[in-house]
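Understanding the architecture of this molecule
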Amino acid sequence: MAATAVCLAVAGAAVAAEPKAAAPPLSLYGGLPSLEQVEISPDGKLLAIAVTDGEKRMMLIREATEGGKLLSAMNFGDSKLRGLQWAGTEHVLITTSSASQVWGLSGPKREYLMGFDFNLVTRKQTMLMNGQEDAMNIVLESPDVRFIDGVPYAFVEGIHFYDGSGWNTLYRINLKTGVTRMLSTGGSADTDDWLVSPEGQPLAQSLYDQKLGAWSLKIKNPNGGWTTVEKAVSKMGSYGVRGMGRDGKSVLVWMRDEDGSKPLLREYTPDGAHVVVPGSEAYDSAIMAPDGSRMIGAFSLVGDERRYTFFDTKAQASWNAVLKAFPGDQVSLASWSDDRRKIVVQVDSPTLGPAYALVDLDAKSARWLGDIYQNLKPEHVSEIKPISYKAADGLKITGYLTLPRGRDAKDLPLVVLPHGGPEGRDTLGFDWWSQALASRGYAVLQPNFRGSEGFGDDFVEAGYGQWGKLMQTDLSDGVRHLAKQGVIDPKRVCIVGGSYGGYAALAGATMDRGVYRCAASIAGPADLRRMLIDSNQRFGSGQNSALRYWLQFMGADGVKDPDLAAISPARMADRVEIPVLLIHGKDDTVVPYVQSTIMADAMKKAGKPVELVTLNGEDHWLSRGATRLQMLTAVVDFLEKNNPPR
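These numbers were taken from a predicted model, which means no experiment stands behind them.

**Here's the deal with the sheet that holds strand β8 (residues 124–127)**
Read from one edge of the open sheet, four strands run β5-β6-β7-β8, paired in antiparallel fashion. Looking at which strands have only one partner, the edges of the open sheet turn out to be β5 (80–86) and β8. The mean angle between the axes of side-by-side strands here comes to 30 degrees, regardless of whether they run parallel or antiparallel.

This is the structure in structure tokens:
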């Protein structure tokens, strides 16, 4: 963290008044973070670090001691590095992804994960799943690591083809020898998740029938067969398998209670008996032991507090000691050694921005590993504060307001920045996008509108059927609230967003008119019927959980429902009366690029000016540094042209 920079800034102010600082370069915010991930080895002696220069990625292996020696470096260039994990002390498993159209498979381009093993002894990298007969060389999720007779194994969920269709199949890879074995017993076409026991044996599998929306759980019994221990209707998707339970023997599953009103953590034994983890209705996620052998605690976001609950009192006391080292900061667990005495945390300071730190509980010390945004200084970080207001129907909406530095909170220009999902949420802490806009003189509002997660099931369900309706007016109600307080100038408001937030920007230009002076959509849906058709191509024709999920939020009965036209901005392009900017990645596999071209064509046909910026090689998540910065630069140029900050 830039503690030295803070002291220098104060000293300079005491000597003489400095001239007004120029706006920081957008690359400070729009480039990739300097540090993307830090993983400590099981013995606590080494660190695997994903670093970037703002555009290209590398993996570094270095000693965990202060000033520790750099042992290895691997250049990934433009590859999308998705994850690092240790497999013992001599292997690091690497997950990357790319958008591809696979020869012989029907449907559109998809984002595929690939796995690699980097051997620290031989300095060689080996692709997992390479050369397997009747299988793709991809992984469906990050591998699980287990030790058998002291040898590290990676258990990988891959795709194996039976009679022309791909099945989720479990593979076991000996990382010492590279020998890969398919563990195919008991799987089926509906299998969508596997759980491996601490001893390295297939223990449980989740199955999901997409057409019926039916989920079931199978557990391997002592005689080697599989027993179905639970069945449930889950129209919105599979429950899957979370991991090992608290005893290291049971199977952990997140699922709804009997009346479907709230999610609970259940632990299943092979005979089908289950118990509910006490207090799990308040948990957001389970915390697993570093080796994945059992559940040891849970994480909850309570208001704006990141709350870690550990079942062991000593573990809780240790975490409380970690928090005391960073008073006033938001602290998140990143990784820890197997004995949980050396802990890597992400620390988000309201004045200095985010950074990684290493806490050594035995030495009772904490030291910085590096800033996540390396060149960020305190003067580049704007104040962010929680706010709340009432929607027109009385529902309480919370969110965050970022205020530009050096300006009074009065009559400010505003950018409304709704999150994606729509069942996502914003949290208190450093956000590169809102900070970049604030650095240009804008106040930024990030509302957690109805339908956002983290505020209870009732709040999520309040968003059902509200695309372009109450979910939309929740945003403009926030504008009216800030205007009433005198914080913002209601005549100088624009809306910008990505994914669902991009849809909300287009809806602001077509359905909730008179609020915004301009609108910018990044990868936003514009023609909802076309979006649903494309979604079906990705997930298979007919009824599936993805289609049911979208229809529930959109409030439509099916792909042919005429009501979809009434909430599709592309069908209302003639209503647009403000400047509109469209930005979209060509490799977007979530909201296809065609959604923005449809909107652009509709506006041109209606005689409305529109600008479309294409991000070549970019996906839905803005994973590449150059195109992410291209997006941010285009948005800022658009805002400064159509809603000057001063």
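**Some remarks on the pairing of strand β21 (residues 285–288)**
In terms of strand pairing, β21 meets strand β22 (residues 295–302) through four bridges, oriented antiparallel. Across the sheet, residue Met 288 finds its bridge partner in β22, namely Met 295. Between β21 and β22, which pair antiparallel in sequence order, lie six residues; one of them, Gly 292, sits at a positive phi of approximately 75 degrees.

**Let's talk about the sheet that holds strand β11 (residues 165–174)**
Taking strand neighbours across the sheet as the criterion, the four strands line up as β9-β10-β11-β12 in an open arrangement whose pairing is antiparallel. The sheet terminates laterally at β9 (144–148) and β12 (180–183), the two strands that pair on one side only. Along the sheet, successive strands turn relative to each other by an average axial angle of 40 degrees, direction set aside. Sheet analysis places strand β10 (residues 151–162) next to β11, joined by ten bridges and oriented antiparallel. Bridge pairing links Phe 161 to Gly 166 in β11.

**Here we look at a negative patch on the surface**
Taken together, the side chains of Asp 43, Asp 291, Asp 338 and Asp 339 define an acidic patch exposed on the protein surface. Tracing the sequence through the fold places Asp 291 in the loop between β21 and β22.

**With respect to the pairing of strand β32 (residues 488–498)**
Counting buried positions along β32 gives nine out of eleven residues, so the element sits mostly inside the fold. Two strands pair when backbone bridges link them, and strand β30 (residues 412–416) and β32 are joined in this way by four bridges, in the parallel orientation. The residue of β32 that forms the bridge with Val 415 is Cys 494. Bridge count between β32 and strand β33 (residues 518–522): five bridges; the pairing is parallel. Among the inter-strand pairings, Cys 494 is bridged to a residue of β33, identified as Cys 518.

**Some thoughts on helix α10 (residues 594–605)**
For α10, with twelve residues, the first-to-last C-alpha span of 16 Å sits near the 16 Å given by 1.5 Å per residue. Turning to α10, its buried residues number three or more, namely Gln 595, Ser 596, Thr 597, Ile 598, Met 599, Ala 600, Ala 602 and Met 603. Just downstream of α10 lies Gly 607, where phi reads positive at about 75 degrees.

**Some thoughts on the environment of Ser 98**
Relative to the helices and strands, Ser 98 resides in strand β6 (residues 91–100). The spatial distance from the C-alpha of Ser 98 to the C-alpha of Lys 80 is 6.9 Å, given a sequence separation of 18 residues. Dropping the residues within four chain positions of it, Ser 98 is found in contact with Lys 80, Arg 110, Glu 111, Tyr 112 and Met 114.

**Section: helix α6 (residues 470–485)**
The end-to-end C-alpha distance of α6 is 22 Å, a good match for the 22 Å that 16 residues give at a rise of 1.5 Å each. Among the residues of α6, those classed as buried are Met 471, Gln 472, Asp 474, Leu 475, Ser 476, Asp 477, Gly 478, Val 479 and Leu 482.

**A short note on the pattern of salt bridges**
Under the criterion given, the structure shown has 19 salt bridges. Here Arg 341 and Asp 362 are joined by a salt bridge, their closest N and O atoms 3.0 Å apart. Separated by 21 residues along the polypeptide, Arg 341 in the loop between β24 (330–336) and β25 (342–349) and Asp 362 in the loop between β26 (353–360) and β27 (365–371) bring together distant segments of the chain. For Asp 362, a relative accessible area of 55% puts it in the exposed group. Between Arg 450 and Asp 474 there is a salt bridge, with its nearest N and O atoms 2.7 Å apart. Of this pair, Arg 450 sits in the loop between β31 (443–448) and α5 (457–461) while Asp 474 sits in helix α6, and the two are 24 residues apart along the sequence. Note on Arg 450: relative accessible area 3%, which makes it buried. Of the residues examined, Asp 474 reaches a relative accessible area of 0% and is grouped as buried.

Calculation criteria
Residues numbered from 1 in each chain as written. Predicted model: local features only at pLDDT ≥ 70, side-chain atom pairs only at ≥ 80, totals over all residues. Heavy atoms only, no water. Pairing = 2+ DSSP bridges. Helix = DSSP H or I, 4+ residues; strand = E, 2+ residues; numbered from the N terminus. Axes fitted to C-alpha atoms, helices over the stretch in contact; angles between N-to-C directions. Patch = residues over 30% accessible without salt bridge, like charges linked within 9 Å, V, L, I, M, F, W, Y side chains within 5 Å. Areas by Shrake-Rupley, 256 points an atom, 1.4 Å probe, with all protein chains shown as cover. Salt bridge = Lys/Arg side-chain N within 4 Å of Asp/Glu carboxyl O. Lys, Arg positive; Asp, Glu negative; His and termini not counted. Charge placed at Lys NZ, Arg CZ, Asp CG, Glu CD. Buried < 20%, exposed > 50% of the residue type's maximum accessible area, 1.4 Å probe, protein only. Expected span 1.5 Å × (residues − 1). Contact = heavy atoms within 4.5 Å.

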